[in-house]
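Below are the chains, spelled out letter by letter.
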Amino acid sequence: MGPVRGSKRKRKLEKKVFGDGEPTGVTSEQGSADWWDDFSRRITGPLSLSNGLDKFESVFKVSRKTFNYICSLVKDDLMAKSSPFMSTNGKALSVYDQVAVALRRLSSGESLVNIGESFGMNQSTVAHVTWRFVEAMEERGIHHLRWPSTETEMKEIKSKFERIRGLPNCRGAIDTTHIMMCLPSMDPSNNIWLDRERNHSMVLQAIVDPDMRFRDIVTGWPGSMSDSSVLRSSGFFKLCEKEERLNGQKIVLSEGSEVREYIVGDAGFPLLPWLITPYQGKDLSASKSEFNKRHFATRMVAQRALARLKEMWKIIQGVMWRPDKHKLPRIVLVCCLLHNIIIDLEDEVQDEMPLSHQHDSGYRQQMCGTVDKKAFILRDKLSRYLSGRLPP
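Presented here is an overview of the structure given in this document. Keep in mind the model is a prediction, meaning the values are calculated, not measured.

## Notes on the nonpolar core
- Residues Phe60 and Phe133 are the most contacted members of the largest nonpolar core, which totals 89 residues.
- Counting residues per element, this core draws most heavily on helix α11 (residues 328-344), which supplies eleven residues.
- Not counting the four nearest positions on each side in its chain, Phe133 is found in contact with Ile70, Val74, Leu78, Val99, Ala102, Leu103, Leu106, Val334 and Leu338.
- Of all hydrophobic cores here, the second largest spans 13 residues; its members include Ile174, Phe236, Ile263 and Leu272.

Next comes the structure, spelled out in structure tokens:
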């Protein structure tokens, strides 16, 4: 399977939330309130209530409201099979049971064995239920990952970015992270997955808005590829080069000085007319140093988004044991969708998460020497503007 990219499909964002009730189409016997009371009593082993995990959010990393909304998205797909999944006591798994299993697997990163023991089912059932959930979310939740299309939305994004540290007309922040894998070193074909830190990994590239929402992702490429190479292989790059993206309204800094829309990224990316990177080198001027500070503060939203993604969905945080490299990009995509759903539904769970920017611990900063002349001039204009010394 090739790299997974953010979908271009536009769907109306479903904002209907079901509170503490039940998703449409689920019987009253499976209502979430009664379901959780029963389910919490069934939890055993590491998740038993004696360990203090008696709060819904502690087990699933989402609120009841968000959980019900996710159930409403996938219920038809999860219940479509004529042969339902069963627990070890012979009881058919409800929609709530299946979503609970999948969310716990994705959010905790625990083994299939541990989750099966806690939830009263065998590890094969845990694996199949989780994968069916991933397939359903790919189709039913993809509208939560989209590039902004309305003028109102684009203006709001640029305004929020400018409020961070003053960068005008900025549409996004880009960054990459590595999903680490444990692969057999004796197999030469696995060398393609060795990154610069000698880890087997898969790359996730993400473009983020000021609310830490993923707007475009690319994943599936091996860790041996540089940030610049992953970018150039992406559909986003091709659209920008053809001026079919980041082609909105320009702003005038002073007479004759126009600035187009752009995104910001670190030194691992090329300096392009639509991708602004920081100044490099020592002994920078005061205006360039100030620009770098503002640039860093602005692009931090991407680092924080990736850090939160891995913290919330721990299945992609640690080292995955011999994962299916065709399925892993789809799992990463669904984790990104769940990340966005939490933001879109204004789930209070996110407020309890600490803000961090450490998502690739142990990885050194990549450097890309590609510099576009027009982008070089544009960056200088921005630098002088922000320092208040742009000539009329």
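## Brief notes about the packing of helix α4 (residues 95-108) against helix α5 (residues 112-119)
- The N-to-C vectors of α4 and α5 enclose an angle of 140°; their axes lie 11 Å apart at closest approach. The angle between the axes of α4 and α5 places the two elements in the oblique class. Pair α4 / α5 crosses with right-handed handedness. Between α4 and α5, the residues in contact are Ala100, Val101, Arg104, Arg105 and Ser108 and Leu112, Ile115 and Phe119, respectively.

## What to know about a nonpolar patch on the surface
- Together, Val371, Phe376 and Ile377 make up an exposed nonpolar region whose accessible area comes to about 260 Å².
- With respect to the helices and strands, the residue Ile377 is situated in helix α12 (residues 373-386).

## As for the packing of aromatic side chains
- Considering all chains together, one arrives at 18 aromatic pairs under this definition.
- Here Trp35 and Phe67 contribute two aromatic rings whose centre-to-centre distance is 5.4 Å and whose plane-to-plane angle is 20°, an arrangement assigned as stacked. Within this pair, whereas Trp35 is found in helix α1 (residues 32-42), its partner Phe67 is found in helix α3 (residues 64-78), the two being separated by 32 residues in sequence.
- Residues Trp36 and Phe39 carry aromatic rings whose centres are separated by 6.4 Å and whose planes lie at 35° to one another, so their mutual orientation is tilted. You can see Trp36 and its partner Phe39 sitting in helix α1, three residues apart, about one turn around the helix. Take Trp36 and Phe39: they sit in the same class, and that class is buried.
- Aromatic rings pair up to connect Trp35, Trp36, Phe39, Phe56, Phe60, Phe67, Tyr96 and Phe119 into one cluster.
- The side chain of Lys327 reaches across the aromatic face of Trp131, ending 4.7 Å from its centre.

Each value, and the rule that gives it
- Positions within a chain are numbered from 1, following the residues in the order the chain's sequence is written.
- Per-residue local features of the predicted model are confined to residues with pLDDT of at least 70, and side-chain atom pairs are confined, for both listing and counting, to 80 or more; whole-chain, interface and lining totals are unaffected and use all residues.
- Only hydrogens and water are removed before side-chain values are computed, so all heavy atoms of the structure are retained for them.
- Nonpolar core, defined: a set of buried Ala, Val, Leu, Ile, Met, Phe, Trp, Tyr and Cys residues in which side-chain atoms within 4.5 Å join the residues together.
- Type-normalised accessible area, obtained with a 1.4 Å probe on protein chains alone, sets the label of each residue: buried when under 20%, exposed when over 50%, and partly exposed for intermediate values.
- Strands here mean DSSP runs of E at least two residues long; helices mean DSSP runs of H or I at least four residues long; both are numbered from the N terminus.
- Whether two residues touch is decided by their heavy atoms; if any such pair falls within 4.5 Å, the residues are in contact.
- Only the contacting stretch of a helix is used when fitting its axis, a line to C-alpha atoms as for every element, and angles between N-to-C directions run 0 to 180 degrees.
- Should an angle fall under 35 degrees it is taken as roughly parallel, and over 145 as roughly antiparallel, whereas 65 to 115 is taken as roughly perpendicular and any remaining angle as oblique.
- Two helices that cross are described as forming a left-handed crossing if the nearer one is turned anticlockwise from the farther one by less than a right angle, and a right-handed crossing if clockwise.
- Patches here: salt-bridge-free residues with over 30% relative accessible area, like charges joined within 9 Å, nonpolar side chains (Val, Leu, Ile, Met, Phe, Trp, Tyr) joined within 5 Å.
- Only the protein chains shown count as cover for residues, with accessible areas throughout obtained via the Shrake-Rupley method and a probe of 1.4 Å.
- Salt bridges are defined by distance alone: a side-chain nitrogen of Lys or Arg within 4 Å of a carboxyl oxygen of Asp or Glu.
- The criterion for an aromatic pair is that two Phe, Tyr or Trp rings (for Trp, the six-membered ring) have centres within 6.5 Å, with stacked assigned to planes under 30 degrees apart, edge-to-face to planes over 60 apart and tilted to the rest.
- A positively charged side chain is recorded as over a ring if its NZ (Lys) or CZ (Arg) lies within 6 Å of the ring centre. The angle to the ring normal must also be within 35 degrees.

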